[in-house]
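Descriptive analysis of the structure
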Amino acid sequence: MQITTNTVVSIHYTLTDTSGKIIDSSEGSEPLAYLHGRGNIIPGLEKKLEGKETGAKLSVTIPPEEAYGQHDESLIRNVSREAFKGIDDLQIGMQFQSQSEKGVEVFTITEIEGEKITIDGNHSLAGMTLAFDVEVTDVREATEEELSHGHVHGPGGHQH
Ligand code: ZN
């Protein structure tokens, strides 16, 4: 069957940057299963997969604006160590979630200078052009439950 909105799609993928360095891959594990057309994967990849069928293989390049967005300087902020009360062992690269008006924001500690902590709310792949090698391994109808949750259940999806 064809990939359209609200189908469950399983893919094997390898993600590289424009120099060919591997960033992420499903090789050696279960294919990734996602609910198509619901924003569960980056918009550029979703667009390229639309209409494809099981067995399709594609190599696509996705610009930042259709992937994780441009790097946004305003998401880099300095906060005091006070903001991390109760965490003794702060380290560069640690990730935290905070609740804001826009929903859950994830930020990464990028610098620690005494009491001054620099945090960056950009996605680690923001500003990057991404290359995907994708193989569609399965396309099926979503269940009622999956549609109401907005994500896939079972192998490669949510386990709850
Ligand atoms: Zn669910």
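1. Describing the overall build of the chain
Of the regular secondary structure elements, the chain holds two helices and nine strands. Ordered by position from the N terminus, the helices and strands of the chain form the series β-β-β-α-β-β-β-β-β-β-α. Considered along the principal axes of its C-alpha atoms, the chain spans approximately 55 × 40 × 30 Å. Every one of the 160 residues in the chain was classed for burial, and the buried ones make up 34%. Pairs at least 24 apart in sequence give 61% of the contacts found in the chain among residues at least 6 apart. Carbon and sulfur atoms form 47% of the exposed surface of the chain, whose accessible area is close to 9600 Å². The distance from the centre of the 12 positive side-chain charges to the centre of the 27 negative ones in the chain is 3 Å.

2. Concerning the nonpolar core
Proteins that are soluble and globular tend to have nonpolar side chains buried together. Residues Ile42, Leu45, Leu49, Leu130, Phe132, Val134 and Val136 are the most contacted members of the largest nonpolar core, which totals 21 residues. Breaking this core down by element, the ones donating at least two residues are strand E1 (7-16), helix H1 (43-49), strand E4 (57-62) and strand E9 (130-141). Dropping the residues within four chain positions of it, Val136 is found in contact with Ile3, Val9, Ser10, Ile11, Leu49, Glu53, Thr54, Gly55 and Ala56. Listed in part, the seven residues of the second largest apolar core include Phe84, Phe107, Ile117 and Ile119.

3. Quick word on the sheet that holds strand E7 (residues 103-113)
Ordered in space as E5-E8-E7-E6, the four strands form an open sheet in which the pairing is antiparallel. If you trace the sheet from one side to the other, it starts and ends with strand E5 (76-80) and strand E6 (95-100), each paired once. Neighbour-to-neighbour, the strand axes of the sheet open up by a mean angle of 40°, direction not taken into account.

4. Remarks on the domain arrangement of the chain
In terms of domains, the chain is made up of domain 1 (7-68 + 125-149) and domain 2 (73-120). Relative placement of domain 1 and domain 2: their C-alpha centres are 30 Å apart.

5. Digging into the pairing of E9
Sheet topology note: the E1/E9 ladder contains ten bridges and is antiparallel. Paired with Thr14 across the two strands is Asp133, which belongs to E9. As judged from the six bridges shared by E4 and E9, these two strands associate in the antiparallel manner. The residue of E9 that forms the bridge with Lys57 is Glu135.

Thresholds applied
- Here the residue numbers are simple positions, counted from 1 along each chain's written sequence.
- Thresholds applied to this predicted model are a pLDDT of at least 70 for local features of residues and 80 or more for the giving and counting of side-chain atom pairs; totals over whole chains, interfaces and linings are not thresholded and use all residues.
- Side-chain calculation: all heavy atoms of the structure are included, whereas hydrogens and water are not.
- In this description a helix means any DSSP run of H or I spanning at least four residues, a strand means any run of E spanning at least two, and both kinds are numbered starting from the N terminus.
- Per-residue accessibility, obtained with a 1.4 Å probe over protein chains only, is compared with the maximum for each type, and a residue is labelled buried under 20%, exposed over 50%, and partly exposed between these values.
- In this analysis, two residues are considered to be in contact whenever any of their non-hydrogen atoms come within 4.5 Å of each other.
- To measure how exposed things are, a 1.4 Å probe is used in the Shrake-Rupley method; for residues, cover is taken only from the protein chains shown.
- All tallies of charge rest on Lys and Arg as positive and Asp and Glu as negative; His and the ends of each chain are not included.
- Lysine's charge is taken at NZ, arginine's at CZ, aspartate's at CG and glutamate's at CD.
- By nonpolar core is meant a set of buried Ala, Val, Leu, Ile, Met, Phe, Trp, Tyr and Cys residues that side-chain atoms within 4.5 Å join together.
- When DSSP finds at least two bridges between two strands, those strands are taken to pair.
- Lines are fitted to the C-alpha atoms to define the axes, a helix being fitted only along its stretch in contact, and any angle between axes, read from their N-to-C directions, falls within 0 to 180 degrees.
- Domain delimitation follows an automatic or database domain assignment.

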